[in-house]
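# Remarks on the overall topology
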Amino acid sequence: MEQITDNYNGALQQLVGSGFNAKSTTTDVIKGIDLTGKNIIVTGGYAGIGLETVKTFVQAGAQVTVPARDIQKAAQNLQGIDHVCIRTMDLMDPASIDTFADDFLKTGKPLHILVNNAGIMWVPLQRDSRGYESQLSTNHLGHFQLTARIWPALKKANGARVINVSSFGHQIAPFDFEDPNFLHRPYETLQGYGHSKTANNLFSVELDHRGKNSGIRAFSLHPGSVIGTDLARVAPMELFQQMGTHDADGNLKPEVAAILKNVEQGAATSVWCAVSPQLDGIGGVYCEDADIAEVDNGQIEHRYDDPSTLRGVKPYSVDASYAQKLWALSEDLTGITFEAN
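Residues numbered from 1 in each chain as written. Predicted model: local features only at pLDDT ≥ 70, side-chain atom pairs only at ≥ 80, totals over all residues. Heavy atoms only, no water.

## Observations regarding the overall build of the chain
- Scanning the chain for helices and strands turns up 11 helices and eight strands.
- Relative to its length of 341 residues, the chain is compact, with a C-alpha radius of gyration of 19 Å against a globular reference of 20 Å.
- Referenced to the eigenvectors of the C-alpha coordinate spread, the extents of the chain come out at roughly 55 × 55 × 45 Å.
- A total of 341 residues make up the chain; the buried ones form 57% of that total. (Helix = DSSP H or I, 4+ residues; strand = E, 2+ residues; numbered from the N terminus. Rg over C-alpha atoms; globule rule 2.2 N^0.38 Å. Buried < 20%, exposed > 50% of the residue type's maximum accessible area, 1.4 Å probe, protein only.)

Written out as structure tokens, the structure reads:
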């Protein structure tokens, strides 16, 4: 019987029994892992779960590069952390991505782990210089371009991983191939976020399929519902009240706060995907709570006032034909031919 080696159509979406859970922290999942001599890039690595991810990698011995749109904020938040290099990059500015990648490639260093962590959510309609909607531009297209440009360094590692930080939010919407940039339909910010997160999952499926022969595996993940991040900084309070997480005065309900993850727990799945030997020989999978997620065919009841129920991966976001179609569209939108092999 032929061994299944990638996650087309969710073929590998089965729990591995990692021994971890929603309460597991970065300290738990990095235990026993030595990253001495490893080079890692973490986008958005200066706030929230990205910052915690960087700290964890550094403590395990890695050298981490953090591309940042806000250099001053990055320097302030990363102050006192050794073995971190901050460089300028804006995911909505293609030229800055090329410059960042070129500068890294000039060092001749292999890149062992790329964590595409940066993201935006709940923003009003904004467009980049190409006219692309900002959540798609930042959350997917910018990371697609970065991964393509940095690919030679990933190949040089002779065994690398690309981690795309997605979200349960992918369940909000499948990817809209007809109007990905909201040119012909009313803008709805959560629809934009949802389909950008579906894009993260589909990108991981196809990237892994194409890259595994070069020793490069890809993963996507849901960090969990995490308190203490910048992601919801522009969201209206009415939205949280409608979801049932906040009371009439705008306060987070104590019973909800009790089951939200802290940043150490929220970053755990990113770190697990990046370093766990339990994922050797596996790729393209969507993970949560430091394990591989199950496919959600409608059998999981989701309640926004209970974040522990926000789990599972939708079949449309691991669909092989959609993954291939998104790859072609991403090449078209970015103007990049990404030969990931």
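## Thoughts on helix H10 (residues 268-275)
- Counted residue by residue, H10 has eight buried out of eight residues, so it is predominantly covered.
- All of the buried residues in H10 are Ala-268, Thr-269, Ser-270, Val-271, Trp-272, Cys-273, Ala-274 and Val-275.

## Remarks on the environment of Leu-310
- Looking at the secondary structure, you find Leu-310 in the loop between strand E8 (291-292) and helix H11 (320-334).
- In sequence terms Leu-310 and Ala-267 are 43 residues apart; their C-alpha atoms lie 17 Å from each other.

## A closer look at the side chain of Ser-196
- With respect to the helices and strands, Ser-196 occurs in helix H6 (residues 189-211).
- Within polar-contact distance, the side chain of Ser-196 engages the backbone oxygen of Tyr-193 at 2.8 Å. (Polar contact = N/O pair within 3.5 Å; in protein donor to acceptor, adjacent residues only side chain to side chain.)

## Notes on the environment of Lys-55
- Within the secondary structure, Lys-55 sits in helix H2 (residues 48-59).
- Taking C-alpha positions, Lys-55 is 9.0 Å from Gly-45, a pair spaced 10 residues apart along the chain.

## Let's talk about the packing of helix H4 (residues 94-106) against helix H5 (residues 134-156)
- Contact geometry of H4 with H5 gives a least axis separation of 9 Å together with a crossing angle of 20°. If you check the angle between H4 and H5, you find them roughly parallel. Judged by the twist between their axes, the crossing of H4 over H5 is right-handed. Residue-level inspection shows Pro-94, Ile-97, Asp-98, Phe-100, Ala-101, Phe-104 and Leu-105 of H4 in contact with H5, the latter providing Gly-142, Gln-145, Leu-146, Arg-149, Ile-150, Pro-152 and Ala-153. (Axes fitted to C-alpha atoms, helices over the stretch in contact; angles between N-to-C directions. Parallel < 35°, antiparallel > 145°, perpendicular 65-115°, else oblique. Left-handed = near helix turned anticlockwise from the far one by under 90°. Contact = heavy atoms within 4.5 Å.)

## Quick word on the pairing of strand E3 (residues 84-88)
- Where strand E2 (residues 63-68) lies against E3, five bridges are found, and the strand directions are parallel. Each residue of the ladder has a partner; that of Val-66, found in E3, is Ile-86.
- Regarding the hand of the β-α-β motif, the stretch spanning E2, helix H3 (residues 71-77) and E3 is right-handed. (Pairing = 2+ DSSP bridges. Right-handed = clockwise from strand over helix to strand, strands pointing away.)

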